[in-house]
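Residue strings, one per chain:
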Amino acid sequence: MATTLPAPDTAPRPHLLRPDSTNCPGCAMSVGLQWLDEALGAATPTLVVPACCAAVTPGAFPASAYSVPTVATTFASAAAVATGIARVRELNGEADPTICWAGDGGTYDIGLATLSAAAERNEDVLYICYDNEIYGNTGGQRSSATPRGAKTSTTPRGKVEAKKDIMAIMAAHRLPYAATLSLAHRDDFLRKIRLALGMTGFRFLLMLSPCPAGWKSDPAESVELVRLAVACGLFPLYEVFDGERYRVNARPDGTPLDDYLRRQGRFRTVAPSMDELRAQVDREWARLDELARVFPATD
Amino acid sequence: MTTEQATILAVTGNEAVAEAMRQVNPDVVAAYPITPQTEIVQIYAQFVADGKVDTEFITAESEHSAMSAAIGSAAAGARTMTATSSQGFALMWELLFVAASYRLPIVMANVNRALSGPINIHCDHSDSMGGRDCGWIQLYGENHQEAYDNHVMAVRIAEHADVRLPVMTMIDGYVISGAIGPMESLTDAQVQEFVGPYRPIHPMLDSKHPVTVGPFDGLHGFYMEHKATQQQAMERASRVIDEIAAEYAELSGRRYGLIDAYRTEDAEVAIVVVGSTAGTTRMIVDKLRAKGVRAGCVRVRAFRPFPAAEYAEAIGHCKVVGVMDRSDSFGAQGGQVFLEVRSALYDCDPRPQVLPFIYGLGGRDIFPANIEQAFTVLRDAAKRKTKTTVERRYLNLREE
């Protein structure tokens, strides 16, 4: 017999991210949490946060800037902890969402097996990766989300390898929904979160999350950096339904890659070859366009 | 299968554990198969498939995730169980500490098996002994009956308001888990009444009262106070384990203590042992007693919390005590049980000499003759006017 819980309260809940979070100025993840709160409306999620900046965001015990039930867990375990919570929700017949809020290290690297398994079991979990392309919490080491050329504290001469295509990996699980989120495209961002919240099963959202401390960028420019990343084609905005049907939400507009790169100290001394990078971005877009043409998402 | 009257069954140790789980009918079971625990997971999956339980069954992709899912489920407010062995136990490692520090009353069956390397799938206690400091209550069973009984009692111990700690129950891999032995079960109704409904404290799904489970607690915070409260809960657990055992005895007629002392009252030499080897040890004690040797033995039942005073009471008067460890702590003065027992007897006056023995690693056979050899060492030491040497003595180790 499942646990009996009190009847839900209809009064509005406090903002998900209350004042006094410990996030750095210009942390895009803070904006992401604000918008997640807006998209949630009256729903009260349970947050599962693995080791990452967001585990420190709410401050130290006994205070917490998170207003919703939250479990801080170990690096590789988020999707499995969320599985446990989501199954109890099922037992109780509760509809509120179970949300993983995880960085790229816990998603692309150490937590990948856990993430993959939860997706394969199609657990009723919304997994949101705020991707700052480094291990931000430990001082900016490379992860497999770090793009080629980026200088990090463990790639002082720039990363040699390309960024892992986590969206393709997740799509290969044929999960109900996967999409990328841009903090420079607010309507699209809110629409996608609301769409995901309205679905059941495993849903994966990837949010590019500029980190001024790690990217050596101006804290005031975080949202602008996301806009440039989308505009130059480096961060495609798209959705994948059931891992099979694709929809592109915004196409590159001819903005030079360098407009994005030159604003970040991490690319300043060891910038990748523009020709190579342009060719790589073009190949990625050719692949994405072809997928969207052959396997289009229809409403 | 439902059990409406107490029944004596011939079961494997794994079947005994699975039957206890079925009768408890937990909200969530999250598990991953590993030899020799696999049978528990398979049997339980069949119970779920056949509608014999109401459990949400999570087939995790690893023990790391099985324990993670158990943590999520227990934090959400559900009665939660899992099971593992050996490498699976080791893979759970970081989460074992998390489960205990979050004070989640998860119940886990650990079927004891050696740790790699070299790869070995047979019984020793390296897995759970290596996890003795993770904050879980540890109960070691001797036989099929105790595999069942401990698992039913574990639910009450874990959930007790004075404890709120996870509990692992151990049985010896293969020797108990795979071999068939007798088990008298309670009825389903008796078990349900005994465990009662689960009332979680601060469940995460109570969204009207949001809590953060396991938040950051750094240099100037309360980390150390959290650890002190875990220890306080462990101290209270000794009394709770005994009270629940007394209550269980009224129901089942089987009374378990924190330790299981045998013919120790006037013993001059005694052996301390864990798990299935206790039966063979008692047989040797009887044999020696018949020859006039004042021999006794103690079986370890609760290893965490460790009831030190009970050891002092039971064998503090002995001249020499031998501790047989089925796992080793390399570089230490002996195995994990040895270290505890010698420490427990340190304040006895006069103080018995305590000698470390290592046996049964990776399933190495332990014969009655090996236990007699150990007693011979103890009796020789008891006759000496000076202390004997305290190096590890291996039982049934291949000669060069």
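Since this is a predicted model, take the numbers as computed values, not measurements. (Residues numbered from 1 in each chain as written. Chains lettered and ligands numbered in written order. Predicted model: local features only at pLDDT ≥ 70, side-chain atom pairs only at ≥ 80, totals over all residues. Heavy atoms only, no water.)

Peer 1: Got a sec to walk through the overall build of chain A? Specific residues and values, please.
Peer 2: From N to C terminus, chain A includes 11 helices and eight strands. Rg of the C-alpha trace for chain A: 19 Å, near the compact-globule value of 19 Å for 299 residues, within the 12% margin. Taken along the three principal axes of its C-alpha coordinates, chain A extends 60 × 45 × 30 Å. The buried share among the 299 residues of chain A stands at 57%. Long-range pairs, those at least 24 residues apart, make up 71% of the contacts in chain A with a sequence separation of at least 6. Accessible surface, chain A as shown: approximately 11700 Å² in total, 55% of it carbon and sulfur. Of the charged side chains in chain A, 31 are positive and 34 negative; the average position of the first set lies 3 Å away from that of the second. (Helix = DSSP H or I, 4+ residues; strand = E, 2+ residues; numbered from the N terminus. Rg over C-alpha atoms; globule rule 2.2 N^0.38 Å. Buried < 20%, exposed > 50% of the residue type's maximum accessible area, 1.4 Å probe, protein only. Contact = heavy atoms within 4.5 Å. Areas by Shrake-Rupley, 256 points an atom, 1.4 Å probe, with all protein chains shown as cover. Lys, Arg positive; Asp, Glu negative; His and termini not counted. Charge placed at Lys NZ, Arg CZ, Asp CG, Glu CD.)

Peer 1: So what's going on with the side chain of Ser62(B)? Which residues, and what values?
Peer 2: Along the chain, Ser62(B) turns up in the loop between strand 3 (56-59) and helix 3 (63-76). With residues near it in sequence (within four places) discarded, Ser62(B) still touches Tyr32(B) and Leu91(B).

Peer 1: Could you give me a rundown of the sheet that holds strand 13 (residues 302-304) of chain B, with the residues and numbers involved?
Peer 2: All names here are of chain B. Spatially, the seven strands line up as an open sheet ordered 3-2-4-5-7-6-13, and their pairing is mixed. Edge strands, defined here as strands with exactly one partner in the open sheet, are strand 3 and strand 13. Taking each pair of neighbouring strands and ignoring which way they run, the sheet shows an average axis angle of 20 degrees. Against the sheet, helix 1 (residues 13-24) makes contact with strand 2 (28-31), strand 4 (80-84), strand 5 (107-112) and strand 7 (167-172), and its axis sits at roughly 150 degrees relative to strand 7, the strand it touches most. (Pairing = 2+ DSSP bridges. Axes fitted to C-alpha atoms, helices over the stretch in contact; angles between N-to-C directions.)

Peer 1: Before we move on, can you summarise unusual backbone geometry with the specific residues and values?
Peer 2: All names here are of chain B. Looking along the chain, the bond that leaves Thr35 and enters Pro36 is cis, with omega of 0 degrees. Tracing the backbone through its elements, the reader meets Pro36 in the loop between strand 2 and helix 2 (38-49). A cis geometry characterises the amide bond from Asp349 onward to Pro350, with omega recorded as 0 degrees. Counting through the fold element by element, Pro350 comes out in the loop between helix 12 (336-345) and strand 15 (353-358). In the Ramachandran plot, Asn25 falls in the positive-phi region, its phi being about 55 degrees despite a non-glycine side chain. Its place among the elements puts Asn25 in the loop between helix 1 and strand 2.

Peer 1: Hey, could you go over the interface of chain A and chain B for me, with residue numbers and the actual values?
Peer 2: Listed as interface residues are 42 residues of chain A and, on the opposing side, 39 residues of chain B. Between chain A and chain B the total buried area reaches about 3200 Å² when both faces are included, carbon and sulfur atoms providing 65% of it. The interface formed by chain A and chain B holds two salt bridges in total. We note a salt bridge from Arg121(A) to Glu61(B), for which the minimum N-O separation is 3.1 Å. (Buried area = accessible area lost by both parts, 1.4 Å probe. Salt bridge = Lys/Arg side-chain N within 4 Å of Asp/Glu carboxyl O.)

Peer 1: Break down the environment of Cys134(B) for me, with residues and values.
Peer 2: On the secondary structure map, Cys134(B) appears in the loop between helix 6 (126-130) and strand 6 (137-140). Since its relative accessible area comes to 2%, Cys134(B) is described here as buried.

Peer 1: Give me the lowdown on helix 10 (residues 277-290) of chain B, citing residues and values where you can.
Peer 2: Each turn of an α-helix holds 3.6 residues, which means side chains three or four residues apart point in the same direction. Residues and elements named next belong to chain B. Compared with the 20 Å implied by 1.5 Å per residue over 14 residues, the 20 Å span of helix 10 between its first and last C-alpha is a close match. Among the residues of helix 10, those classed as buried are Thr277, Ala278, Thr281, Arg282, Ile284, Val285, Leu288 and Arg289. Burial along helix 10 is one-sided: seen end-on, the buried residues are contained in an arc of 160 degrees. Close packing links the buried residues of helix 10 with strand 7, strand 10 (259-262), strand 11 (269-274), strand 12 (295-300), strand 14 (320-325) and helix 13 (368-383). After helix 10 finishes, the residue Gly292 shows a positive phi value of roughly 90 degrees. (Expected span 1.5 Å × (residues − 1). Arc of directions from axis to C-beta.)

Peer 1: Break down the packing of helix 3 (residues 78-92) of chain A against helix 5 (residues 112-120) of chain A for me, with residues and values.
Peer 2: All names here are of chain A. Contact geometry for helix 3 and helix 5: axes closest at 7 Å, N-to-C directions at 35 degrees. Here Ala79, Ala80 and Thr83 of helix 3 come into contact with helix 5, specifically with Thr114, Leu115 and Ala118. Among the residues forming the contact of helix 3 with helix 5, the class breakdown is four nonpolar, two polar and no charged. (Nonpolar A, V, L, I, M, F, W, Y, C, P; charged D, E, K, R; others polar.)

Peer 1: Quick rundown of a nonpolar patch on the surface? Include the residues and the values.
Peer 2: Residues and elements named next belong to chain B. A surface patch of nonpolar side chains, amounting to about 350 Å² of accessible area, comprises Ile119, Ile121, Tyr174 and Val175. Tracing the backbone through its elements, the reader meets Tyr174 in the loop between strand 7 and strand 8 (180-185). Judged by its relative accessible area of 30%, Tyr174 is partly exposed. (Patch = residues over 30% accessible without salt bridge, like charges linked within 9 Å, V, L, I, M, F, W, Y side chains within 5 Å.)

Peer 1: Describe the packing of helix 11 (residues 308-315) of chain B against helix 12 of chain B, with residues and values.
Peer 2: All names here are of chain B. The interhelical angle for the contact between helix 11 and helix 12, taken along N-to-C directions, is 70 degrees, at an axis separation of 8 Å. Overall, the two elements helix 11 and helix 12 adopt an arrangement that is roughly perpendicular. Contact residues: helix 11 offers Ala308, Tyr311, Ala312 and Ile315, while helix 12 offers Val341, Ala344 and Leu345. Of the residues assigned to the contact of helix 11 with helix 12, the class counts are seven nonpolar, no polar and no charged. (Parallel < 35°, antiparallel > 145°, perpendicular 65-115°, else oblique.)

Peer 1: Hey, could you go over the nonpolar core for me, with residue numbers and the actual values?
Peer 2: Here is a general trend for soluble globular proteins: nonpolar side chains tend to be buried in one another's company. Membership of the largest hydrophobic core comes to 107 residues, with the highest contact counts inside it found for Phe204(A), Met67(B), Trp136(B), Val272(B), Tyr311(B), Ile315(B) and Val341(B). Both domain 1 (8-252) and domain 2 (259-394) of chain B contribute no fewer than three residues apiece to this core. Beyond its immediate chain neighbours, meaning those up to four positions away, Ile315(B) contacts Thr264(B), Ala270(B), Val272(B), Val298(B), Val321(B), Val341(B), Leu345(B) and Pro352(B). Core analysis: the next-biggest nonpolar cluster, separate from the first, contains 52 residues, Val17(B), Leu139(B), Val167(B) and Met183(B) among them. (Core = buried A, V, L, I, M, F, W, Y, C linked by side-chain atoms within 4.5 Å. Domains from an automatic or database assignment.)

Peer 1: Tell me about the domain arrangement of chain B, and please be specific about residues and values.
Peer 2: Residue and element names in this part refer to chain B. Splitting chain B by domain gives domain 1 (8-252) and domain 2 (259-394). The distance between the C-alpha centroids of domain 1 and domain 2 comes to 28 Å. Each partner contributes to the interface: domain 1 provides 27 residues, whereas domain 2 provides 24 residues. On the surface where domain 1 and domain 2 come into contact, there are five salt bridges. As a salt-bridge pair, Glu142 and Arg299 come within 3.0 Å of each other at their nearest N and O atoms. Taken together, the elements giving at least two residues each to the side of domain 1 that touches domain 2 come down to helix 6, strand 6, helix 7 (144-159) and helix 9 (223-252). Its residues assigned to classes, the side of domain 1 that touches domain 2 shows 13 nonpolar, eight polar and six charged.

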